[in-house]
Amino acid sequence: MKHFQAELLMRSCFLLVSSFYLLLQWGLRWLVWQKKLKEKNENQPIRRLYLTGLRQAAFVFWYNTLMNIISWNVNGIRAIEKKGAFQELFNLHPDIVCLQETKAHKEQLNENLISPSGYKSFFHSATSRKGYSGVAIYLKNNIECQEIKPHDTFLNGDLEGRLIILELNDFYLINCYFPNGGGEDHRLSYKLKFFDAFTALITDLQKKKSVIFCGDVNVAHTEIDIARPKESEKHVGFLPEER
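Residues numbered from 1 in each chain as written. Predicted model: local features only at pLDDT ≥ 70, side-chain atom pairs only at ≥ 80, totals over all residues. Heavy atoms only, no water.

1. Let's talk about the pattern of salt bridges
Phase 1 of the analysis: If you walk through the whole model with that rule in mind, you get seven salt bridges.
Phase 2 of the analysis: Of the charged contacts in the structure, one is a salt bridge between Lys209 and Glu167, with a shortest N-O distance of 3.2 Å. With Lys209 in the loop between helix H7 (185-206) and strand E8 (210-216) and Glu167 in strand E6 (residues 163-168), this residue pair connects regions lying 42 residues apart in the sequence.
Phase 3 of the analysis: According to the relative accessible area criterion, Glu167 is partly exposed, its value standing at 21%.
Phase 4 of the analysis: In this structure, the salt-bridge partner of Lys208 is Asp204, at a minimum N-O distance of 4.0 Å.
Phase 5 of the analysis: Counted as one network, the salt bridges with shared partners bring together Glu160, Arg162 and Arg187. (Salt bridge = Lys/Arg side-chain N within 4 Å of Asp/Glu carboxyl O. Helix = DSSP H or I, 4+ residues; strand = E, 2+ residues; numbered from the N terminus. Buried < 20%, exposed > 50% of the residue type's maximum accessible area, 1.4 Å probe, protein only.)

2. Here we look at the sheet that holds strand E2 (residues 96-100)
Phase 1 of the analysis: Here four strands make up an open sheet; going across it, the order is E1-E2-E4-E3 and the pairing mixed. The open sheet is flanked by strand E1 (69-73) and strand E3 (119-124), the only strands paired with a single partner. Ignoring strand direction, the axes of neighbouring strands in this sheet form an average angle of 15°. (Pairing = 2+ DSSP bridges. Axes fitted to C-alpha atoms, helices over the stretch in contact; angles between N-to-C directions.)

3. What to know about the environment of Arg78
Phase 1 of the analysis: Here Arg78 lies in helix H3 (residues 77-82).
Phase 2 of the analysis: Since its relative accessible area comes to 32%, Arg78 is described here as partly exposed.
Phase 3 of the analysis: If we ignore the near neighbours within four places in the chain, the residues touching Arg78 are Lys103, Ala104, Gln108, Leu109 and Leu113.
Phase 4 of the analysis: One polar contact links the side chain of Arg78 to the main-chain carbonyl oxygen of Lys103, over a distance of 3.1 Å. (Contact = heavy atoms within 4.5 Å. Polar contact = N/O pair within 3.5 Å; in protein donor to acceptor, adjacent residues only side chain to side chain.)

4. Quick notes on the side chain of Arg187
Phase 1 of the analysis: Residue placement: Arg187 occurs in helix H7.
Phase 2 of the analysis: When sequence neighbours within four positions are dropped, the list of residues in contact with Arg187 reads Tyr132, Glu160, Arg162, Pro179, Gly181 and Gly182.

5. Here's the deal with H7
Phase 1 of the analysis: Its 22 residues place the ends of H7 33 Å apart at the C-alpha level, agreeing with the 32 Å of an ideal helix rising 1.5 Å per residue.
Phase 2 of the analysis: The set of residues buried in H7 consists of Arg187, Leu188, Tyr190, Lys191, Phe194, Phe195, Ala197, Phe198, Leu201, Ile202 and Leu205. (Expected span 1.5 Å × (residues − 1).)

6. Examining the nonpolar core
Where a protein is soluble and globular, its nonpolar side chains tend to be buried together.
Phase 1 of the analysis: Counting residues in each nonpolar core, the largest one holds 19 residues, and the members touching the most others are Ile77, Phe86, Phe90, Leu99, Leu109 and Tyr138.
Phase 2 of the analysis: Among the secondary structure elements, those contributing two or more residues to this core are H3, helix H4 (85-91), E2, helix H5 (111-114), E3 and strand E4 (135-140).
Phase 3 of the analysis: The biggest single contributor to this core is H4, with four residues.
Phase 4 of the analysis: Listed in part, the 16 residues of the second largest apolar core include Leu163, Ile174, Ala197 and Leu205. (Core = buried A, V, L, I, M, F, W, Y, C linked by side-chain atoms within 4.5 Å.)

7. Some thoughts on the confidence of the model for the protein chain
Phase 1 of the analysis: Taken as a whole, the protein chain shows an average pLDDT of 79; of its residues, 70% reach a score of 70 or greater.
Phase 2 of the analysis: Here residues 42-51 is modelled with pLDDT under 50, and outside its nearest four sequence neighbours on either side it reaches nine contacts, counting other chains as well. (pLDDT = per-residue confidence, 0-100.)

8. Structural notes on the packing of aromatic side chains
Phase 1 of the analysis: Under the criterion given, the structure shown has eleven aromatic pairs.
Phase 2 of the analysis: Where Phe178 meets Phe194, the ring centres are 5.3 Å apart and the plane angle is 70°; that geometry is what we call edge-to-face. Taken as a pair, Phe178 in the loop between strand E7 (171-177) and H7 and Phe194 in helix H7 lie far apart in primary sequence, 16 residues in all. Exposure class is identical for Phe178 and Phe194. Each is buried.
Phase 3 of the analysis: For the ring pair Phe178 and Phe213, a centre distance of 5.9 Å and an interplane angle of 75° mean the geometry is edge-to-face. Here the residue Phe178 occupies a position in the loop between E7 and H7, and Phe213 occupies one in strand E8, the gap between them amounting to 35 residues. (Phe/Tyr/Trp six-rings, centres within 6.5 Å; stacked < 30°, edge-to-face > 60°.)

Shown next, in the form of structure tokens:
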């Protein structure tokens, strides 16, 4: 949770510094204007001062009213609650939270995990076996949305709890936990087929409105994303056909 706390601290510091800078700018410009007014003994236009201040104020307002989305592979939602990390996450007041690898069915969760104060939730859990995979999305109650199902029969028949699609006013929100592909040979084939189906899904949705995708892809895309790229070229997660 340290990086979440660091982000919150950074935003708070930015707001304070920006507000101080804005007031300082206005103060200095006012002093300069007053000095020129006395020297020339005539009225000076303050339109530029006014518009500059408005632009700065608008930027500060815009930066601090962006929609905040947090995505996190929790490796067990009940485990992070026991550690206190779940509550710390929502203490940051994000607009949307996307979790992967929840490893629990909704009926196994307490009320705090299902409906944190001020939030509604959507869950998709593995039906093939318990304690495996699973995704969840939390949104503030004032965010209007509806869950939709993919038309693709492969994705729609997902038994491993890997995908949630929500339609909001301005965009589609997707939370996806991709297959690892390790183990038996057919798991890699399943992963690649999942990739193809997901790409087709994104392409289709983008024809209607913007798409925001959160999740765990289980692939290191480029060499900079992995510690030992040369040694990993023949390992699942960094295979050429995955990347």
